[in-house]
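Residue-level structural notes
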Amino acid sequence: MTKKISAPLTDKDVEALKAGDDVLISGKIYTARDAAHREFKDLKGQVLFYASPTPARPGAVIGSIGPTTSSRMDAFTPPLLAAGLKAMIGKGERSPEVVAAMKKHKAVYLMVPGGVAALLSRYIKKARVIAYPELGPEAVLELEVVDFPVIVAIDSAGGDLFAMGKKKYQRA
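Keep in mind it's a predicted model, so treat the numbers as computed, not measured. (Residues numbered from 1 in each chain as written. Predicted model: local features only at pLDDT ≥ 70, side-chain atom pairs only at ≥ 80, totals over all residues. Heavy atoms only, no water.)

Helix and strand counts for the chain stand at 6 helices and 7 strands. When the helices and strands of the chain are placed in sequence order, the string is β-α-β-α-β-α-β-α-β-α-β-β-α. For the chain, whose C-alpha radius of gyration is 15 Å, the value lies close to the compact-globule estimate of 16 Å for 172 residues. Counting only C-alpha atoms and orienting by the principal axes, one finds that the chain spans roughly 55 × 30 × 30 Å. In the chain, which comprises 172 residues, the proportion classed as buried is 47%. Across the chain, the fraction of contacts at a sequence separation of at least 24, relative to all contacts at a separation of at least 6, is 58%. Carbon and sulfur atoms make up 55% of the accessible area of the chain, which amounts to about 8,700 Å² in all. Each charge sign in the chain was given a centre, from 25 positive and 18 negative side chains, and these centres are 3 Å apart. (Helix = DSSP H or I, 4+ residues; strand = E, 2+ residues; numbered from the N terminus. Rg over C-alpha atoms; globule rule 2.2 N^0.38 Å. Buried < 20%, exposed > 50% of the residue type's maximum accessible area, 1.4 Å probe, protein only. Contact = heavy atoms within 4.5 Å. Areas by Shrake-Rupley, 256 points an atom, 1.4 Å probe, with all protein chains shown as cover. Lys, Arg positive; Asp, Glu negative; His and termini not counted. Charge placed at Lys NZ, Arg CZ, Asp CG, Glu CD.)

Let's shift gears to helix α4 (residues 96–105). Note on helix geometry: an α-helix contains 3.6 residues per turn, so any two residues three or four positions apart are oriented the same way. Buried within α4 we find Val 98, Val 99, Ala 101 and Met 102. Buried residues along α4 cover an arc of 160° about the axis, so they all sit on one side. Opposite the packed face of α4, turned more than 90 degrees from it, sit the exposed residues Pro 96, Glu 97 and Lys 104. Residues of α4 that are buried sit in contact with α3 (77–82), β4 (87–90), β5 (108–111) and β7 (140–154). Lys 106 sits one or two residues past α4 and shows a positive phi near 55°. (Arc of directions from axis to C-beta.)

And the structure:
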């Protein structure tokens, strides 16, 4: 069953999500990559998408927008979770320190597979630069999304889709 959530998120929203759940997000989410992470302060309830879009074609809201490797943000993530960040969207595994901080601060890690950047742009209804325009494609964008598809990779209790997959296919 697909779950629908609206951003910004509450602890109750996050706690209802379990590793492996299919989720559709509506509301406002924010893009951020390495350079912007150093500047964040208040993120209560927010969702960060580790992405930087390509330029929009004429008449389009945004260009292709796919996930970047989330582990590149691991050094910045525990303080952001302490500041109220509730969800991150990216690809790839996260460090044990990030998972521990997610459990402590009730947050989830959502993923989209690589290679879906053109598809994801269809779910973005508005996009605007809200910080660090000098960073170009890594500027922070506010995205208004409707039914943006993600999968819960790591839930707020530490359930980990990556670990579950490895265990399922591990040789005895």
